[in-house]
Amino acid sequence: MKPRLIALKNVYNSRDLAGYPTTDGHHIKAGRLFRTALLHNLDDQELNTLHQLNVTRVIDFRDDAEISHLPDHLTATIHYLHLPVFKEDETGASLSTSKPLERFAIDYNVGRLWMLKAYHDMVTIDSAKSAYREFFCQLLSANENEATIFHCTAGKDRTGMAAYFLMRALGVAPEVAAQDYLWTNVYSADRVRMRIDSVKAHGGNEVVIYNVRQMSAALPEYLQQATKLINAHYGDMAHFISEFLGLSADDIADLRRLYLVD
């Protein structure tokens, strides 16, 4: 299915998880769970849109440096939570395209390998575990009228995996949750073009351009890297949800009560 977009003209990749079906015939409620990219450039009209949507929480998965460079622009009525998945951005979303690392200009595999390492870490390291556990705690603490936005820099990797974990915990089939992950490629196309234009403007060669494309895309291989590791370390997604994400059977029942509709 095609995701429902949020009317935020200054935010890339902003959409509602509404409508995705679960395997038992339910659907994710509209207007409760929003995934986006950067929120640093919101204008007054967009802030009013968040108010109308009853957004009471914004969860930011970025690291300290990313936040210092481009802090979220929010109103005082929104509770802001900083839950860094990495101590330093491992996804390349904040990587300078005007001064990329030298190895990005000489090795076509650098970007791909960089991303595979990031997806490995998102399902194994302690900072990711802490961030995603608190993410679910926040969702469980919300009342039935509150909406939550969760985001990182591009809204692609750290946010994409948060959405994937959430959808699976709610009972969405893996292939459907994977479709949502891949929609980022459509809704981030303008951002990717701008990154490539920046590389070209600063004299980047075709190797840099290729690597930036690899790091700017939501590729099936990256999600498969994460799911293979989940299955290898935990046996299946259900055990990952309980052991890595720390969700009990009661927690899952509460999530489904809060965020699903018939």
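Here the structure is shown first, and the text comes after it.
Residues numbered from 1 in each chain as written. Predicted model: local features only at pLDDT ≥ 70, side-chain atom pairs only at ≥ 80, totals over all residues. Heavy atoms only, no water.

**Some details on the nonpolar core**
By size, the foremost hydrophobic cluster in this structure holds 61 residues, and its most contacted members are Phe61, Tyr132, Phe135 and Phe165. Elements with a contribution of two residues or more to this core: helix 3 (110-122), helix 4 (126-141), helix 5 (158-169), helix 6 (174-182), helix 10 (220-234), helix 11 (237-243) and helix 12 (249-259). Examining the composition of this core, we find that 8 residues originate from one element, helix 5, more than from any other. Residues contacting Phe165, with those up to four places away along its chain left out, are Met122, Val123, Tyr132, Phe136, Ile230, Phe240 and Leu245. (Core = buried A, V, L, I, M, F, W, Y, C linked by side-chain atoms within 4.5 Å. Buried < 20%, exposed > 50% of the residue type's maximum accessible area, 1.4 Å probe, protein only. Helix = DSSP H or I, 4+ residues; strand = E, 2+ residues; numbered from the N terminus. Contact = heavy atoms within 4.5 Å.)

**Let's talk about the pairing of strand 6 (residues 79-82)**
Sheet analysis places strand 5 (residues 55-60) next to strand 6, joined by 4 bridges and oriented parallel. In the sheet register, Arg57 faces strand 6, and the bridge partner there is His79. A crossover connection joins strand 5 to the parallel strand 6 through helix 2 (residues 64-69); in handedness this β-α-β unit is right-handed. (Pairing = 2+ DSSP bridges. Right-handed = clockwise from strand over helix to strand, strands pointing away.)

**Let's talk about the packing of helix 3 against helix 10**
At a closest axis distance of 9 Å, the pairing of helix 3 and helix 10 adopts a crossing angle of 35°. As for the relative orientation of helix 3 and helix 10, their crossing is right-handed in sense. Side by side, helix 3 and helix 10 meet where Gly111, Arg112, Met115, Leu116, Tyr119 and His120 of the first sit next to Glu221, Tyr222, Leu223, Gln225, Ala226 and Leu229 of the second. Taken together, the residues of the contact of helix 3 with helix 10 break down into 7 nonpolar, 3 polar and 2 charged. (Axes fitted to C-alpha atoms, helices over the stretch in contact; angles between N-to-C directions. Left-handed = near helix turned anticlockwise from the far one by under 90°. Nonpolar A, V, L, I, M, F, W, Y, C, P; charged D, E, K, R; others polar.)

**Things to note about the environment of Arg133**
Within the fold, Arg133 resides in helix 4. Residue classification places Arg133 among the partly exposed residues on the basis of a relative accessible area of 32%. If we skip the residues at most four places from it in the chain, Arg133 touches Glu243, Phe244, Leu245 and Gly246. A distance of 2.7 Å separates a polar atom in the side chain of Arg133 from the backbone oxygen of Glu243. (Polar contact = N/O pair within 3.5 Å; in protein donor to acceptor, adjacent residues only side chain to side chain.)

**A few points about the side chain of Lys29**
Its location among the elements puts Lys29 in the loop between strand 3 (27-28) and strand 4 (33-36). For Lys29, which is buried and forms no salt bridge, the nearest opposite charge comes from Glu144, at a distance of 4.7 Å. Those residues in contact with Lys29, other than ones at most four positions away along the chain, are Asp16, Ala18, Arg257, Leu258, Tyr259, Leu260 and Val261. (Lys, Arg positive; Asp, Glu negative; His and termini not counted. Salt bridge = Lys/Arg side-chain N within 4 Å of Asp/Glu carboxyl O.)

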